[in-house]
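Observations on the model geometry
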Amino acid sequence: MTSDPSTVSYRAILGLAVPALGTLAAEPLYVLVDTAIVGHLGRSQLAALGAAATALSVLATFNFLQYATTAQVARAVGAGERETARRLGAQAVWLSLGIGIVLAAAIAALAGPIVALVGVEGATAAYAETYLRIVSIGIPSFFLALGGQGFLRGVAELRSPLVVLVVANVVNLVLEVLFVYGFDWGIAGSAWGTAIAQTGMGVAFAWLVLRHVGRPDLAFAPRLARRLLSVGKFVFVRTMALIGAFLLAGAVAARLGDAELGAYQISFQIFIFLALVLDAVAIAGQIIVGRELGASRPDAAYAASVRMITLSVGLGSLFTVALLLLSGALPRAFTSDDAVLAACASLWPIFALLQPLSGAVFALDGILIGASDGPFIAGSMVVALVATVSALGAAAALDWGIRGVWAALAVLVAVRLLTMAGRFRRRRWLVTGWA
C-alpha cells in the first residue's frame, strides 16, 4: 500500500508535542510545591521529604502503563480498530488501579523499613514514615492518571489531561498551605494535600477515559491486558536500566565531595528540565508512529520520524548554544560557592555539547516505543547501562572527577544513539497493522 510521506507535517508534530510539554511540565510541580512548603518547617522535615521522595521515585519505573498504552491505542486507532482501542483504555484503567492498590498497601505497611533502607534516622525517619503512609492513599489515583494519560494520548486527546494536571496542582498548593500553615499539621499536612489532590486527579482521568470507553467496552479483557503487559515489560526494563545509570552516576558524584555533588545536582536538574521539552517530541513520536503503522502507512511513519528527529536535534542544538552562552551566569543562579562554580565550569562543556545527541536519542526512543519495538528497546538500554557502568568505573579509578561522571553519561547517550539509529535505519521496526 502506497502513502504520501508528507502527510505528517512539522505543524502536526508540534500540535501534539506542545500540549504534551504542558503536561510534562505540570507533573514535577507537585514535588516543587512540597519542597517549597515543607522547606520552611525545618531541616528534619525537609530531609524527611527528600527521603520519602527518594523512596517514591521507584514508581517512575511503572511509566510502562502510560507508554505501552499510548503505543497500542494509537496503533489500534490507526488500524480502524476503534472498539479495540476503547477496550484497551478500559484495560489500562483496570491494570493501573490494581497495581496502584498493591503498591499503596505495600508502601503503607512497610514505610518503616523503606525509610530505614533510604538511610535516615530519628525525627527525620519518623517524619518520613508519616509522609509515606499518608501519601500512599493517593497512589492508586496516581496510577490511574498514568494509565489514563496513556489512553488519552493514544487517541490524540492532550488538552484535557493538561487541564486536569493544572487544576490538580492548584488544588495541591491551596490544600498544602491550608493544612500546613492554617491547621498547623506540619509535614502531615503536606502529605494530606498531595494525597487529596492526587485522588481528585485520578478520578478525573478515570472519568475522561470512561467518557470515551462507555459501559459496553468496560469489562476486563485478559487478552488485551496481557498485550499491554507484554509491551510494557520491555519498557519497564528500559526504564529500570535508565534510572539505574542515573543513580550510579549520582553515587559516584557523591563520593567526590560536596562541591562536585553540588555541581552535579545543578547540571543534572537542568538536564532533566531540558529533557521535558525533548520528551514532548518523543510523546508525539509514540502517537504518530503507532497511528501510522496501525494504518499500514510505513512510509508516512518513517518520514514523520525523520522530521521528529530533525526537530529534536534542532532543539538540542539551541540548548547547546544557550548553555554555552550562559555557562558563567546560569550556575550562579543556583549557588555562589566558588568550589561548586569551579566544578560546574569543569563539566559544563560536556554537559552542553551533549544536548543535540540527547535530542536524537529522545526522539528515537519515542519512535521505537510507538512502534512497540519492545525487545530491542530493552536490550539496547541494558547494553547502554553496561557501557555506562564501565565508564563510571574508569572515571572513578582514574580520578577524572566530576567531568568523568558527565563523560560516563555521554557514553550512555552515545551508545543509545548508535544502537537506536542503527535500528531506525534498517527499518525493521516498521511493522504494520494491528495484529
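Each chain has its residues counted from 1, following the order in which its sequence is written. For a predicted model such as this one, the threshold for reporting local features is a pLDDT of at least 70, and the threshold for listing and counting side-chain atom pairs is 80 or more; totals across whole chains, interfaces and linings nevertheless cover every residue. The side-chain figures draw on all heavy atoms in the structure; neither hydrogens nor water molecules are used.

With that out of the way, let us pick up the packing of helix H5 (residues 82-109) against helix H8 (residues 139-154). A pair of packed helices is characterised by two quantities: the angle between their axes and the separation of those axes. The N-to-C vectors of H5 and H8 enclose an angle of 155°; their axes lie 7 Å apart at closest approach. Between H5 and H8, the angle is such that the two are roughly antiparallel. Between H5 and H8 the crossing geometry is right-handed. In this classification, the charged set is Asp, Glu, Lys and Arg, the nonpolar set is Ala, Val, Leu, Ile, Met, Phe, Trp, Tyr, Cys and Pro, and all remaining amino acids, among them Gly, are polar. Broken down by class, the residue content of the contact of H5 with H8 amounts to 14 nonpolar, four polar and one charged. Axis definition: a line fitted to C-alpha atoms, limited for helices to the stretch in contact. Angles are taken between N-to-C directions and run from 0 to 180 degrees. Helix and strand definitions here come from DSSP, where helices need a minimum of 4 consecutive H or I residues and strands a minimum of 2 consecutive E residues; each element is numbered from the N-terminal end. Roughly parallel here means an angle under 35 degrees, roughly antiparallel means over 145, roughly perpendicular means 65 to 115, and every remaining angle is called oblique. Note on convention: near helix rotated counterclockwise from far helix by under a right angle means a left-handed crossing. Clockwise means right-handed.

This next bit is on the side chain of Asn 172. Counting through the fold element by element, Asn 172 comes out in helix H9 (residues 159-182). In this structure Asn 172 comes out as buried when scored by relative accessible area, which is 0%. Each polar contact in these results corresponds to two N or O atoms within 3.5 Å; when the atoms are within protein, one needs to be able to donate a hydrogen and the other to accept it, and residues that are neighboring in sequence are counted only if both atoms are side-chain atoms. One polar contact links the side chain of Asn 172 to the main-chain amide nitrogen of Thr 194, over a distance of 3.3 Å. Residues count as neighbours in contact if any of their non-hydrogen atoms are within 4.5 Å of one another. In this view, Asn 172 contacts Tyr 30, Val 33, Asp 34, Gly 193, Thr 194 and Ala 197; residues no more than four positions away in its chain are not counted. Exposure is judged per residue with a 1.4 Å probe applied to protein chains only, and the accessible area is read against the type maximum: over 50% gives exposed, under 20% gives buried, and values in between give partly exposed.

Once that is clear, we can look at the pattern of salt bridges. We count a salt bridge whenever a side-chain nitrogen from Lys or Arg sits within 4 Å of a carboxyl oxygen from Asp or Glu. A full pass over the atoms with the stated rule returns eight salt bridges. The partner of Arg 211 in a salt bridge is Glu 157, and the shortest N-O contact between them spans 3.1 Å. You can see Arg 211 sitting in helix H10 (residues 187-213) and its partner Glu 157 sitting in the loop between H8 and H9, a full 54 residues away along the chain. Residue classification places Arg 211 among the partly exposed residues on the basis of a relative accessible area of 48%. Residue Arg 416 pairs with Asp 365 through a salt bridge whose shortest N-O separation is 2.9 Å. Of this pair, Arg 416 sits in helix H17 (residues 401-426) while Asp 365 sits in helix H15 (residues 355-370), and the two are 51 residues apart along the sequence. On the basis of relative accessibility, which here comes to 6%, the residue Asp 365 falls in the buried class. Taken together, the shared-partner salt bridges connect Arg 238, Asp 365 and Arg 416 into one network.

This next bit is on H8. Helix span, as expected, comes to 1.5 Å for every residue beyond the first. The first and last C-alpha atoms of H8 sit 23 Å apart over 16 residues, in line with the 22 Å expected at 1.5 Å per residue. Counted residue by residue, H8 has 15 buried out of 16 residues, so it is predominantly covered. Where H8 ends, the next residue or the one after it, Ala 156, has phi of about 65°, a positive value.

Each aromatic pair joins two rings of Phe, Tyr and Trp (for Trp, the six-membered one) with centres within 6.5 Å, and gets the label stacked for planes under 30 degrees apart, edge-to-face for over 60, and tilted for any other angle. Here the structure, examined in full by the defined rule, presents 19 aromatic pairs. Ring geometry for Phe 268 against Phe 271: centres 6.2 Å apart, planes inclined by 25°, an arrangement best described as stacked. On the criterion of helical spacing, the pair formed by Phe 268 and Phe 271 is a turn pair, its members being three residues apart in helix H12 (residues 258-294). On the basis of relative accessible area, Phe 268 is assigned to the buried category, the value being 13%. A relative accessible area of 8% means that Phe 271 is categorised as buried. Summarising the aromatic geometry, the rings of Tyr 302 and Phe 424 are spaced 4.7 Å apart at their centres and angled 15° between planes, so their arrangement reads as stacked. Of the two residues, Tyr 302 sits in helix H13 (residues 298-325) while Phe 424 sits in helix H17, which places them 122 residues apart along the sequence. What makes Tyr 302 buried here is its relative accessible area of 15%.

Looking now at the packing of H13 against helix H14 (residues 338-353). Orientation of H13 relative to H14, taken along the N-to-C sense of each, is 160°, at an axis distance of 8 Å. Judged by the inter-axis angle, H13 sits roughly antiparallel to H14. Here the hand of the crossing between H13 and H14 comes out left-handed. Counted together, Thr 320, Leu 323 and Leu 324 of H13 and Trp 348, Phe 351, Ala 352 and Leu 353 of H14 form the full contact between these two elements. Class assignment of the residues belonging to the contact of H13 with H14 gives a composition of six nonpolar, one polar and no charged.

What follows concerns unusual backbone geometry. Of note, the phi angle at Ser 296 is positive, near 60°, even though the residue is not glycine. By the element assignment, Ser 296 lies in the loop between H12 and H13. We note that Ser 372 has phi near 55°; this positive angle belongs to a residue other than glycine.

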